[in-house]
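Here are the chains, one letter per residue:
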Amino acid sequence: MGRGNHNQVLEEKAASRSQSEVNKRLKYISLAVLVVQNASLILSIRYVRTLPGDRFFTTSAVVMAEVLKVLTCLLIILLQRKFNVKETVLFLVDSIVFQYKDTLKMSVPSLIYTLQNNLQYVAISNLPAASFQVTYQLKILTTALFSVLMLRKSLSRVQWVSLLLLFAGVAIVQVQQEGNKEASDSSNQNYMVGLVAVVISCLSSGFAGVYFEKILKGSSASVWVRNVQLGIFGTALGMLGLWWNDGAAVAEHGFLFGYTNMVWCVIFNQAFGGLLVAVVVKYADNILKGFATSFSIIVSTVLSIYLFSFHVDLLFTVGAGLVIGAVYMYSLPKAAGSSSSSLISSSSSSASSVLPRTDGGAELEAFLPKADGGGASPPPAVHITVPLLKAQQQEEEEEGAAVSQKP
């Protein structure tokens, strides 16, 4: 009997060690995927927009990306329902049609995301890929500001410092670009148009991301259903933008005019990029994600030197370095506020509840129920944790009050 238990323990340890190695390997794979996705999207858009010959309609590319996203999410929902088509259809009709008020809420972020996707093409068509990649990190600043204003999140001192460094780095890069604009294809590019497009894109990205997060927190709908709702509005709004901006040209040349294999690669990258990142981040963390973003800036810059004859000088290096450092600093986790939570959770292996933190992070804290007042004296270990438990309960009551005051 004892030998059987011993063997079982050894098997569990081996399985745990094997799972740990798999997760470690997946982390590095996640890093590689994030870097490739972040860098390749910008470089490929820049490449296809600077090629000679017939140019595809960016508005049609935005619509096509939305259609692919919707189809992917529908396939995932169908897979979750074990390919039961009837059950899937009923579920979607109930989630999208019968709960139409909930669906209409997605029209706001969908409109902004559609605008943002179109502005991305405008910005990359008029800015060097490396400059766009650096400047586009301003979306971290706008997202942080909207999070503080709309979700009442709190930022650490390190995060505020990183936002200042981010702004300074982007400003330095823009000063450098004003003094040293790309010589190639300058007649076909408008630097100010690209700069305005990327700034508006960052603002819209920050607001839409925070608004979407607020909706997700106040609803039980799955992320895939939300993406279907977003895609439906995105496709409709994209078609409206296509008709408004390129309607006559599309009617004359066709929806897929100018599409090449490279253009299709760009569309697939844009369509599946967000979904892919959402999946791979499951095996990573914020530090790894921040590192991937920073490393992708370096990759974009290096490749831009060879592909687009991009010139790197001291000012650009300093500015990009500040942005990379700021991205990494902002992604660092907040310092653990107290060792009490780990002490409490380690002392309680049962009868614990899980509450989400109100700072917007994905961390979850465990806490013990209140101890009974009467009875015999508790053991010494409980004497250690009771004051800590009271402090934890007081903190949770304050957080609950803060949540109830949110609009």
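Quick note: structure is the one above.
All values derive from a computational prediction rather than experimental measurement.

Asker: With reference to specific residues and values, describe the overall build of the protein chain.
Answerer: Within the protein chain, the secondary structure is distributed over 15 helices and 2 strands. Looking at the protein chain as a whole, 39% of its 407 residues are labelled buried. Within the protein chain, residue pairs in contact and separated by at least 24 positions form 82% of the contacts whose partners lie at least 6 positions apart. Of the accessible surface of the protein chain, which amounts to about 22,500 Å², a share of 65% is contributed by carbon and sulfur atoms.

Asker: Before we move on, could you go through helix α13 (residues 314-331) and cite the residues and values that matter?
Answerer: Taking 1.5 Å as the rise per residue, α13 with 18 residues should run 26 Å; its terminal C-alpha atoms sit 26 Å apart, in good agreement. Phe316, Gly319, Ala320, Val323, Ala326, Val327 and Ser331 are the residues of α13 that are buried. Down the axis of α13, the buried set is contained in an arc of 125 degrees. They therefore lie on one face. The distance from a side-chain oxygen at the start of α13 to the backbone nitrogen of Leu315 is 3.4 Å, and the residue carrying that oxygen is Asp313.

Asker: Run through the pattern of salt bridges, naming residues and quoting values.
Answerer: Under the defined criterion, the tally for this structure stands at 3 salt bridges. The salt bridge involving Asp102 is made with Arg226; its shortest N-O contact spans 3.0 Å. Linking Asp102 in helix α4 (residues 100-104) with Arg226 in helix α10 (residues 223-253), this pair joins segments that are 124 residues apart in sequence. Arg226 carries the same exposure label as Asp102, and that label is buried.

Asker: So what's going on with the packing of aromatic side chains? Residues and values would help.
Answerer: Applying the stated criterion across every chain, the model contains 11 aromatic pairs. Aromatic side chains Phe310 and Phe316 sit 5.1 Å apart centroid to centroid with 70 degrees between the ring planes, which places their arrangement in the edge-to-face category. Of the two residues, Phe310 and Phe316, both sit in the buried class. Counting every residue linked through ring pairs, the aromatic cluster contains Phe56, Tyr121, Tyr259, Trp264, Phe268 and Phe272. Geometry around Phe56 places Arg49 over its ring, the cationic atom sitting 5.2 Å from the centre. The ring of Phe91 has Arg81 sitting right over it, with the charged end atom 4.0 Å from the ring centre.

Asker: Residues and numbers for a nonpolar patch on the surface, please.
Answerer: A contiguous nonpolar patch, built from Phe295, Ile298, Val302, Leu303, Ile305, Tyr306 and Leu307 and spanning about 660 Å² of accessible area, is present on the exposed surface. Residue classification places Leu307 among the exposed residues on the basis of a relative accessible area of 52%.

Asker: Talk me through the side chain of Ser44; I want residue IDs and the actual numbers.
Answerer: Its location among the elements puts Ser44 in helix α1 (residues 2-50). Judged by relative accessible area, Ser44 falls into the buried class, the value being 9%. A polar contact of 2.6 Å, which involves the side chain of Ser44, links it to the backbone oxygen of Ser40. One polar contact links the side chain of Ser44 to the main-chain carbonyl oxygen of Leu41, over a distance of 3.0 Å. For Ser44, the residues in contact, after removing those within four places along its chain, are Met262 and Val266.

Asker: Give me unusual backbone geometry: which residues, what numbers.
Answerer: With a phi angle near 60 degrees, Phe83 is a residue other than glycine that sits in the positive phi range. A positive phi angle, near 55 degrees, is found at Arg152, a position not held by glycine. Tracing the backbone shows Arg152 in the loop between α7 (138-150) and α8 (157-179).

Calculation criteria
- Residues numbered from 1 in each chain as written.
- Predicted model: local features only at pLDDT ≥ 70, side-chain atom pairs only at ≥ 80, totals over all residues.
- Heavy atoms only, no water.
- Helix = DSSP H or I, 4+ residues; strand = E, 2+ residues; numbered from the N terminus.
- Buried < 20%, exposed > 50% of the residue type's maximum accessible area, 1.4 Å probe, protein only.
- Contact = heavy atoms within 4.5 Å.
- Areas by Shrake-Rupley, 256 points an atom, 1.4 Å probe, with all protein chains shown as cover.
- Expected span 1.5 Å × (residues − 1).
- Arc of directions from axis to C-beta.
- Polar contact = N/O pair within 3.5 Å; in protein donor to acceptor, adjacent residues only side chain to side chain.
- Salt bridge = Lys/Arg side-chain N within 4 Å of Asp/Glu carboxyl O.
- Phe/Tyr/Trp six-rings, centres within 6.5 Å; stacked < 30°, edge-to-face > 60°.
- Lys NZ or Arg CZ within 6 Å of the ring centre and 35° of its normal.
- Patch = residues over 30% accessible without salt bridge, like charges linked within 9 Å, V, L, I, M, F, W, Y side chains within 5 Å.

Treat this as a map of the structure, not an account of what it does.
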